[in-house]
Amino acid sequence: MHRLVGAVVRRVRVEPFVAAVLGAVAAAALVPARGEAAEWLDRGVDVAITGLFFLYGVRLPTRRAVASMRDWRLHGVILAITFGLFPLLAFGCAPLVPDVLAAGVVFLCVLPSTVQSSIMLTSLARGNEAAAICSASLSNLLGVVLTPVLVAGMLSVGDGGLPLSVVVDTVLVLLVPFAAGQAARGLLGDERAQAWTARLAMFDRAVIVLAVYTAFGKGVTGGVWGRVAPADLPALLAVVAGLLACVPACSALVSRGLGFAHGDRVAVLFCGSQKSLASGLPMATVLFPGAVVGITVLPLMLYHQLQLLVCTWLAQRLARSAPAGGPR
């Protein structure tokens, strides 16, 4: 029995960033910010998220992502999975969870792919790493615009769309700093931009942890978490696990049907199935009312940890079946 428990513990590893996020959730549950402190924290988070999306703009290699579109079939399939298949699945999955969690499932499904883990997993599986870099970057570039648009269209917030104040916040807090970061990257050049953002690697994670604490604290003080019963969580976990099973399976079938080589099939599988916690948490604080942000990002947090566990295992299996002589 002890050996079995030890084996499970060794496999189910929580990365330090996820541990910090969970710690922020626990801190918000025990000691949420209130009153004037909460107001100052809100303002600080808005400023920090603006800086965060500026850094995202500096970090993403736009020219390489756009140039890679000459392989339009590969990247078109990945984008169709990320912003097409996932949202379609959301229509079927959202009704399977309580209403209070349904918006979070939809939000999860309209997010862009990750950059770091998509590349890491593709490399581990001996896939087309260059394609993963370009496709994940392009996904995040488009996601800054497509995610808010899909949220508005699918959730019909307000009078058929996002309230004007949310549209303004989306432009000022997300799009403008992101565009400024892209302009700054052009001035700095790729090598200097990467070196500059590497020095600030901890900033983005610190901002996300702070945003999580603020969002979950608002839910605690607003009494929103009383609307989620423990019995609701198994249904949510089943939906999240179902998405993670369905999307890679569909990705494999489509890429094989199109005749993609092993390396490209791997890139499609991982770039298409990953969802970005780093982009999703800050976006949620802008797109959703403060009191419900914590509940809204709960499906994303579950999916993020599950995708790391399942996809790492899957990448190791794919690496063993890769053809000799390189990723392609």
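Structure's up top.
Computed from a predicted model, the values in this text were never measured in an experiment.

1. Structural notes on the overall build of the chain
- Counting its regular elements, the chain contains 17 helices and zero strands.
- Here the chain has roughly 15,100 Å² of accessible surface; of this, 68% comes from carbon and sulfur atoms.

2. Here's the deal with the state of the cysteines
- Under the definition given, this model contains zero disulfides.
- Unpaired in this structure, Cys134 has its nearest cysteine sulfur neighbour in Cys271, at a distance of 9.7 Å.

3. A few points about helix H13 (residues 232–257)
- Over its 26 residues, H13 runs 38 Å from end to end, which matches the ideal 38 Å to within 8%, given 1.5 Å per residue.
- Residues Asp232, Leu236, Val239, Val240, Leu243, Leu244, Val247, Pro248, Ser251 and Ser255 constitute the buried set of H13.
- Against the buried residues of H13 lie helix H5 (72–93), helix H6 (99–109), helix H14 (262–273) and helix H17 (298–321).
- Two residues or fewer after H13 comes Gly259, characterised by a positive phi angle close to 80 degrees.

4. Section: the nonpolar core
- Ranked by internal contacts, the top residues of the largest apolar core, which has 87 residues, are Phe53, Phe107, Leu243 and Phe270.
- At ten residues, the largest contribution of residues to this core is made by H5.

5. Re the pattern of salt bridges
- On inspection of all chains with the given rule, the structure shows one salt bridge.
- The partner of Lys218 in a salt bridge is Asp42, with the nearest N and O atoms 2.9 Å apart. With Lys218 in helix H12 (residues 201–221) and Asp42 in helix H3 (residues 35–59), this residue pair connects regions lying 176 residues apart in the sequence.
- Owing to a relative accessible area of 28%, Lys218 belongs among the partly exposed residues under this scheme.
- Given the relative accessible area of 25%, Asp42 is considered partly exposed.

Calculation criteria
Residues numbered from 1 in each chain as written. Predicted model: local features only at pLDDT ≥ 70, side-chain atom pairs only at ≥ 80, totals over all residues. Heavy atoms only, no water. Helix = DSSP H or I, 4+ residues; strand = E, 2+ residues; numbered from the N terminus. Areas by Shrake-Rupley, 256 points an atom, 1.4 Å probe, with all protein chains shown as cover. Disulfide = S-S within 2.5 Å. Expected span 1.5 Å × (residues − 1). Buried < 20%, exposed > 50% of the residue type's maximum accessible area, 1.4 Å probe, protein only. Contact = heavy atoms within 4.5 Å. Core = buried A, V, L, I, M, F, W, Y, C linked by side-chain atoms within 4.5 Å. Salt bridge = Lys/Arg side-chain N within 4 Å of Asp/Glu carboxyl O.

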